[in-house]
Amino acid sequence: MTRTLASIMALMVTGTALAAKPREAKLGKPAPAFTLNDQDGRPVSLAGLKGKWVVLEWVNADCPVWAGCAREGTMAKLAEQFAPQGVVWLGINTTHYATLETNRKTRADFNLSYAVLDDHEGKVGRAYGAKTTPHLYIVDPKGRLVYRGAINSGDDETKVNYIEQGLTELLAGKPCSVPETKPYGCSVKYKK
Amino acid sequence: MHPLAAVVVAATLLADTSAVTPGRPFRLGVKLTAPEGWHLYWSNPGESGLPTKATLVPPPDTAVRPWIWPMPKRFLSPGDLTSYGYERELLLWCPAGVGPESRAGSYTFRAEVSWMACREVCVTGKASLALVLPAGAARPVNQELFESWKDSAPVDAADSLSPASANWTPRGRSGLLTLKLRWSGRAGRVAWVAPADPRFRVDDVTAGDGGPIGRVTLRLRPQPGTNPDVAEVPLVVAYTDQRGAPRGLTVRIRTRRQEER
């Protein structure tokens, strides 16, 4: 770096950044790779799902917001609705105290047909920047992240289900009209 | 279910007066108390959590002002998650008054309140509260409570008594703006900046060091996928004063909509 360029850059940095954020998975870029065990101890890898649309859903049965959505069957219904079109739905549990048994129980208690993967170490959650339960991501068949955020727009009357809308558009060959929203729910309970 | 899920948050609607004298203002408040170690959330909970919500339904002939939110604390949790709220207790309060012509015998105030409280796990709750105040000669009640929360809100920077005046300049279209804080006394040290309105987000906050004119740059944008139609966004600037005590300022940012008028 030349002296002139360095001094220009020094002038640009006029203050102290407060709370710099680590880099997170970016939209349009490859979704972070992972291999995690499902509730029966079988490894599931994102790489192995190349060629398919994948939905990742951060779960936690101890979170009243996630549990409320799950009790209504919001996610399970969507998973079933889009399964015939080859969409793979995966739950990921980053709760630091969750075990395979926790994930088996969550599936049973909430009638989930999809796998729940064990991420209690928190590596995958951190790579994706998962903030809440629920927090949802859509990965395209080329392995790129095309949606991240909330499952829906909340409890307002004009409630939009972003996953249903997004998958419908994407499967029809259109771009996702709302590629990002703010997720809502309890914080993901990461390991310290 | 997690064993801590049985935790209960107590919610009450109260006033600083035993009775209502028409034409004489008083204070109403919603008090939320959680057990030790739990926290409640601000109007903008941050990256996770749910905002405390309280909708007040006053009786006829009564005017109430918008809730006054105390200055929140910032909580940082594992996974680099930032949220804003209150440790254990929150009093949302507002000035209220009954019209001097009113002849009712009593006044019933109702409030619908909902919250999330978290410790290692989170619980949600809601309550329908009511408070009946008779008309008549007022006697002060709950004074200590209302007095202890009276000065806990961030000071509006436009207020003549504010420790700093503020002006701001937008830089380009991506929400970048420069905030200039002109401190009347010793400059405060800015700790964080967040919008009181959760429909907006603040990123890339950079604070200049010391000096009577504090320069803060930040990016203020609507939450992704939204286009809120508001005239202004109140930004809360958290700073520590010369004694190291945490304090807050509110700076109201007019949105582009307003500027285009």
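You'll find the structure just up there.
How each quantity is defined
Residues numbered from 1 in each chain as written. Chains lettered and ligands numbered in written order. Predicted model: local features only at pLDDT ≥ 70, side-chain atom pairs only at ≥ 80, totals over all residues. Heavy atoms only, no water. Contact = heavy atoms within 4.5 Å. Buried area = accessible area lost by both parts, 1.4 Å probe. Salt bridge = Lys/Arg side-chain N within 4 Å of Asp/Glu carboxyl O. Nonpolar A, V, L, I, M, F, W, Y, C, P; charged D, E, K, R; others polar. Pairing = 2+ DSSP bridges. Helix = DSSP H or I, 4+ residues; strand = E, 2+ residues; numbered from the N terminus. Axes fitted to C-alpha atoms, helices over the stretch in contact; angles between N-to-C directions. Parallel < 35°, antiparallel > 145°, perpendicular 65-115°, else oblique. Left-handed = near helix turned anticlockwise from the far one by under 90°. Buried < 20%, exposed > 50% of the residue type's maximum accessible area, 1.4 Å probe, protein only. Phe/Tyr/Trp six-rings, centres within 6.5 Å; stacked < 30°, edge-to-face > 60°. Lys NZ or Arg CZ within 6 Å of the ring centre and 35° of its normal.

1. Describing the interface of chain B and chain A
On the side of chain A, 27 residues touch chain B, which itself brings 30 residues to the contact. Carbon and sulfur atoms make up 57% of the surface buried where chain B meets chain A, a total of about 2200 Å² over both sides. Taken together, the links from chain B to chain A amount to one salt bridge. The shortest N-O distance in the salt bridge between K131(A) and E47(B) comes to 3.7 Å. Of the residues belonging to the side of chain B that touches chain A, the class tally is 14 nonpolar, eleven polar and five charged. As paired strands, strand β1 (residues 16-17) of chain A and strand β15 (residues 200-207) of chain B are joined by two bridges and run antiparallel to one another. Bridge assignment links T16(A) to a residue of β15(B), and that residue is A207(B).

2. Here's the deal with the packing of helix α3 (residues 74-82) of chain A against helix α6 (residues 162-171) of chain A
Residues and elements named next belong to chain A. α6 packs onto α3 with a crossing angle of 15° between their chain directions and a minimal axis gap of 11 Å. Relative to α6, α3 is oriented roughly parallel. With respect to the hand of their crossing, α3 and α6 are arranged in right-handed fashion. Across the interface between the two elements, L78, Q81 and F82 of α3 pack against I163, E164, L167, T168 and L171 of α6.

3. Some remarks on the environment of G172(B)
Considering the arrangement of structural elements, one finds G172(B) in the loop between β12 (164-170) and β13 (176-183). Overall, G172(B) belongs to the exposed group, its relative accessible area being 54%.

4. Some details on the sheet that holds strand β6 (residues 115-118) of chain A
Residues and elements named next belong to chain A. Judged by pairing direction, the sheet is mixed, and its five strands sit side by side in the order β6-β5-β4-β8-β9 without closing on themselves. On the outer flanks of this sheet lie β6 and β9 (145-149), each paired with one strand and no other. Here the average twist between neighbouring strands, direction ignored, is 20°. Of the strand pairs in this sheet, strand β4 (residues 54-58) and strand β8 (residues 136-139) are connected by four bridges, and their pairing is antiparallel. Note that in β8 the partner of V54 across the bridge is V139. In the packing of helix α4 (residues 100-109) onto the sheet, the strands contacted are β5 (88-93) and β6, and the crossing angle to β6 comes to about 160°.

5. Let's talk about the sheet that holds β15(B)
Read across the sheet, five strands follow the order β1(A)-β15(B)-β16(B)-β13(B)-β12(B) without closing on themselves; strand pairing throughout is antiparallel. Here the strands that pair on one side only, and so sit at the sheet edges, are β1 of chain A together with β12 of chain B.

6. Looking at the packing of aromatic side chains
Inspection of the entire model under this criterion finds eleven aromatic pairs over all chains. Judged by centre distance (5.3 Å) and plane angle (65°), the ring pair of W58(A) and Y137(A) falls under edge-to-face. Taken together, the residues W58(A) in strand β4 and Y137(A) in strand β8 connect sequence positions 79 residues apart. For the residue pair W58(A) and Y137(A), the accessibility class agrees, reading buried in each case. Taken together, the ring pairs connect F34(A), W58(A), Y128(A) and Y137(A) into an aromatic cluster. It is R27(B) that lies over the ring of W93(B); its NZ or CZ is 5.9 Å from the centre.

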